Amino acid sequence: MPYIAAVDLGATSGRVMAAHVVHDGDGNRIRLTEAARFPNRAVQVHGRLHWDVLGLWAGVLEGLRAANAAAPDGIASIGVDSWAVDYGLLDADGRLLANPVCYRDARNAPARDRLLAALDPADLFARTGIQHQPFNTVFQLAAEDEAALDRADRLLLIPDLLAYWLSGATACEATNASTTGLVDQATGTWRHELCTAAGFRADLLGAITPTGTVLGPILPEIAQATGLAADTRVIATASHDTAAAVAAVPAEGDRAAYISCGTWSLVGTERTTPITTPEALAAGFTNERGADGTIRFLRNVAGLWLLSESVDAWRRQGLDVDLAELLAAAGRAERLRSVVDPDDPRFADPGDMPARIRDYCAETGQPVPQTPAETAACILDSLALAHRRAIESLEALTGEPVETVHIVGGGSRNELLCRLTADATGRTVLAGPDEATALGNALVQAQALGLIGPGPAARRAAARASAQPRRHEPQGAQASWQQATQRLLGRTP
């Protein structure tokens, strides 16, 4: 069977995975092999935080060369997924006008506030289903340079931009489009009056492309640069990385929630209909499209970003931090000694995260973490508490019980966080697959190529055959976690 290339771009790294579809007695399954990995980092230039998208592009090409060399029967298709909301602006000749701005840039929050002052926030949520996060594309465009918008002929979200460079075809894949805050929840089409309100032309946005659409073959220049066959197809996979990860959740039954855990923890469930009530808005939930046109009803929690930024800060200070040793020490630390709200705005930007955590604890009258192990313990306890609160809110808003929690993505490798989440939620946690985003990316492509059967049931079966989740049962009483929750709510600055 031919191989599939899954290009998976995250906020701290990108990689190209070679995926091999296997048919055997266990059913259809996918074996993943990492062909290449390369760094990604936002760069501050003249007060603006940009992505080095050309550096990412170079990593993608190198990864495709490596994937092709490792695939005995060649690469049948390529799909690109990435984080949501960020975009590139192209001129009439298809040239990128500037490096895309990172969603963590400070320009977004003031623009969000200005736009919401001119609109009805409750009505906006009811129509789009999208939580009013400052990084949403609609708010970024409200903050965009007017001259850049005047010069622009087309807007492409990050994975669509790379798919365009691969194939020459412009697209706006549906799962990622849904995150922009510009799509009507009922019709699945752009809301042009929001474009006007945000101050840009609606014709910058092309027609929304269904997930799984074959965009066409790679460009001749890409075939020459990578060694790929000229008929290698580019597929609009589930291009939002969370949508791809959720597509690979090996769930059975309806009483399961997922946590797609990495830089962010996305806590939610899949539904056939959105929930756009004032209660859902107040609780911080959002409604994004899934790979099958489903609704991913979820809440964004600031995930392992806090830990990765802390490790970076310690290393800048000259400390030799080994992550495995740090997590082992955090596991031995006193539980729930100090906790923070990971969604506090002070933790959103790059910088000295341990100092911010110390300040938060001091302001709330808690013991101040002094060592890296104490800080890591505080972060992981706090994330487990945030997972607990999100699961409880999910049950209250949907009216449906959650019995099992699937943790997928890179965070599923963090055994301590998985164990603490089981303890905090009082529910069974199934951890894995850790490469859920790449697996979901490949599964959607495999279905588009007819290599596995159509529909979500066939894909879930293939996901279960491809992964071996690790089981964590809750330990200890719930009382200490409930008390920590109340303590946190009572002390939030």
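All figures in this text were calculated on a predicted structure; none of them were measured in a lab. The written sequence of each chain sets the order in which its residues are numbered from 1. Per-residue local features are limited, in this predicted model, to residues with pLDDT of at least 70; the limit for side-chain atom pairs, both in listing and counting, is 80 or more; totals at the level of whole chains, interfaces and linings are taken over all residues. Processing note: side-chain calculations cover all non-hydrogen atoms of the structure and skip hydrogens and water entirely.

Caption draft 1: Inspection of the nonpolar core at higher detail. Nonpolar cores were defined as sets of buried Ala, Val, Leu, Ile, Met, Phe, Trp, Tyr and Cys residues, with membership established by side-chain atoms within 4.5 Å. Summary of the burial criterion: residues with accessible area below 20% of their type's maximum are buried, those above 50% are exposed, and those between are partly exposed, where the area comes from a 1.4 Å probe applied to protein chains only. I357 and L380 are the most contacted members of the largest nonpolar core, which has 56 residues in total. The element best represented in this core is helix 15 (residues 372-398), accounting for 12 residues. Residue contacts follow a heavy-atom distance rule, with two residues in contact if any of their heavy atoms lie within 4.5 Å. When neighbours within four sequence positions are excluded, L380 is seen to be in contact with L304, L327, N414, L416, L417 and L420. Core analysis: the next-biggest nonpolar cluster, separate from the first, contains 45 residues, V53, W83, I158 and L162 among them. Helix numbering and strand numbering both begin at the N terminus, where a helix is a DSSP run of H or I of at least 4 residues and a strand a DSSP run of E of at least 2.

Caption draft 2: Here's a closer look at the packing of helix 15 against helix 16 (residues 415-425). Here an angle of 0 to 180 degrees is reported between the N-to-C directions of two axes, which are lines fitted to C-alpha atoms, with helices fitted over the stretch in contact. The contact between helix 15 and helix 16 brings their axes to 8 Å, and the two run at 45 degrees. Judged by the angle between their axes, helix 15 and helix 16 are oblique. Judged by the twist between their axes, the crossing of helix 15 over helix 16 is right-handed. Contacts from L380, D381, L383, A384, H387, R388 and I391 of helix 15 reach helix 16 at L416, L417, L420, T421, A424 and T425. Here the residues of the contact of helix 15 with helix 16 sort into 8 nonpolar, 3 polar and 2 charged. Our angle categories are set so that under 35 degrees counts as roughly parallel, over 145 as roughly antiparallel, 65 to 115 as roughly perpendicular, and the remainder as oblique. Rotating anticlockwise by less than a right angle from the far helix to the near helix defines a left-handed crossing, while the corresponding clockwise rotation defines a right-handed one. Each residue is assigned to one of three groups, with Ala, Val, Leu, Ile, Met, Phe, Trp, Tyr, Cys and Pro labelled nonpolar, Asp, Glu, Lys and Arg labelled charged, and all others, Gly among them, labelled polar.

Caption draft 3: Fine view of the side chain of D381. Take D381: it is sitting in helix 15. Among the residues examined, D381 registers a relative accessible area of 1% and is labelled buried. When residues no more than four places from it in sequence are discounted, the contact partners of D381 are E334, R335, L336, V339, L420 and W481.

Caption draft 4: Summary view of the sheet that holds strand 16 (residues 428-431). Whether two strands pair depends on DSSP finding at least two bridges between them. Strand order in the open sheet formed by 7 strands is 13-14-12-11-15-16-17, with mixed pairing between adjacent strands. Edge positions in the sheet fall to strand 13 (285-289) and strand 17 (470-472), since each has one partner strand and no second. Direction aside, the axes of adjacent strands within the sheet are offset by 30 degrees on average. Sheet topology places strand 12 (residues 264-271) next to strand 14 (residues 295-302); 8 bridges connect them, and they run antiparallel. Each bridged residue has a counterpart across the sheet, and for R271 the counterpart in strand 14 is I295. Across the sheet, helix 15 touches strand 11 (256-261), strand 12, strand 13, strand 14 and strand 15 (404-408), and the angle it forms with strand 12 is around 20 degrees.

Caption draft 5: Structural context of the packing of aromatic side chains. When two rings of Phe, Tyr or Trp (its six-membered ring) have centres within 6.5 Å they constitute a pair, described as stacked for plane angles under 30 degrees, edge-to-face for angles over 60, and tilted for the intermediate range. Tallied over the full model, the rule gives 7 aromatic pairs. Ring geometry for W51 versus Y103: centroids 6.3 Å apart, planes at 40 degrees, classification tilted. Taken together, the residues span a long stretch of sequence, with W51 in strand 5 (residues 48-51) and Y103 in the loop between strand 7 (87-90) and helix 2 (108-118) at a distance of 52 residues. Assigned by exposure class, W51 and Y103 land together as buried. Where W57 meets W165, the ring centres are 5.4 Å apart and the plane angle is 65 degrees; that geometry is what we call edge-to-face. With W57 in helix 1 (residues 53-70) and W165 in helix 6 (residues 158-167), the pair connects residues that are 108 residues apart, well separated along the chain.

Caption draft 6: Broad picture of the packing of helix 1 against helix 6. Between helix 1 and helix 6, the shortest axis-to-axis distance is 11 Å and the interhelical angle comes to 55 degrees. By the angle between their axes, helix 1 is oblique relative to helix 6. For the pair helix 1 and helix 6, the crossing hand works out as right-handed. Listed contacts from helix 6 to V53, L54, W57, V60 and L64 of helix 1 are L161, L162, W165 and L166. Residue classes in the contact of helix 1 with helix 6 are distributed as 9 nonpolar, no polar and no charged.

Caption draft 7: Local environment of unusual backbone geometry. Cis rather than trans, the peptide bond between G432 and P433 has omega equal to 10 degrees. For P433, the location among the structural elements is in the loop between strand 16 and helix 17 (436-448). The residue V85 is not glycine, and still its phi comes out positive at about 70 degrees. By secondary structure assignment, the location of V85 is in the loop between strand 6 (75-81) and strand 7. The class of V85 is buried, set by a relative accessible area of 6%.

Caption draft 8: Geometry of the pattern of salt bridges. For this document, the term salt bridge refers to a Lys or Arg side-chain nitrogen within 4 Å of an Asp or Glu carboxyl oxygen. For the structure on display, the rule yields 30 salt bridges. Residues D113 and R112 are paired through a salt bridge, measuring 2.9 Å at the closest nitrogen-oxygen approach. When the shortest N-O distance is used, the salt bridge between R471 and E473 registers 2.7 Å. On the basis of relative accessibility, which here comes to 36%, the residue E473 falls in the partly exposed class.

Caption draft 9: Inspection of the sheet that holds strand 1 (residues 3-9) at higher detail. Across the sheet, 6 strands lie side by side as 3-2-1-6-10-9; this open sheet has mixed pairing. Each of the sheet's edge strands pairs with one partner strand only, and the pair in question is strand 3 (27-39) and strand 9 (213-217). Neighbour to neighbour, the strand axes of the sheet diverge by 25 degrees on average, direction disregarded. Taken together, the 7 bridges between strand 1 and strand 2 (residues 13-24) define a ladder with antiparallel strand orientation. Across the sheet, the residue bridging to V7 is V16, located in strand 2.

Caption draft 10: Geometry of the environment of A467. Considering the arrangement of structural elements, one finds A467 in the loop between helix 18 (455-466) and strand 17. The exposure class of A467 is buried, given its relative accessible area of 9%. Counting along the chain gives 417 residues from A467 to H50, while the straight-line C-alpha distance between them is 35 Å.

Caption draft 11: Focus on helix 15. The terminal C-alpha atoms of helix 15 lie 39 Å apart, and with 27 residues this matches the ideal 39 Å at 1.5 Å per residue to within 8%. Counting buried residues in helix 15 gives 20 out of 27 residues, a clear majority hidden from the surface. Trailing helix 15 by a residue or two, G399 shows a phi angle of about 70 degrees, which is positive. Multiplying one less than the number of residues by 1.5 Å gives the expected span of a helix.

Caption draft 12: Just the pairing of strand 5, in detail. In terms of strand pairing, strand 4 (residues 42-45) meets strand 5 through 4 bridges, oriented antiparallel. Within strand 5, the residue paired with Q44 across the bridge is L49. Between strand 4 and the antiparallel strand that follows it, strand 5, lie 2 residues; H46 among them carries a positive phi value of about 50 degrees.

Geometric descriptors of this kind do not, in isolation, establish any biological role.
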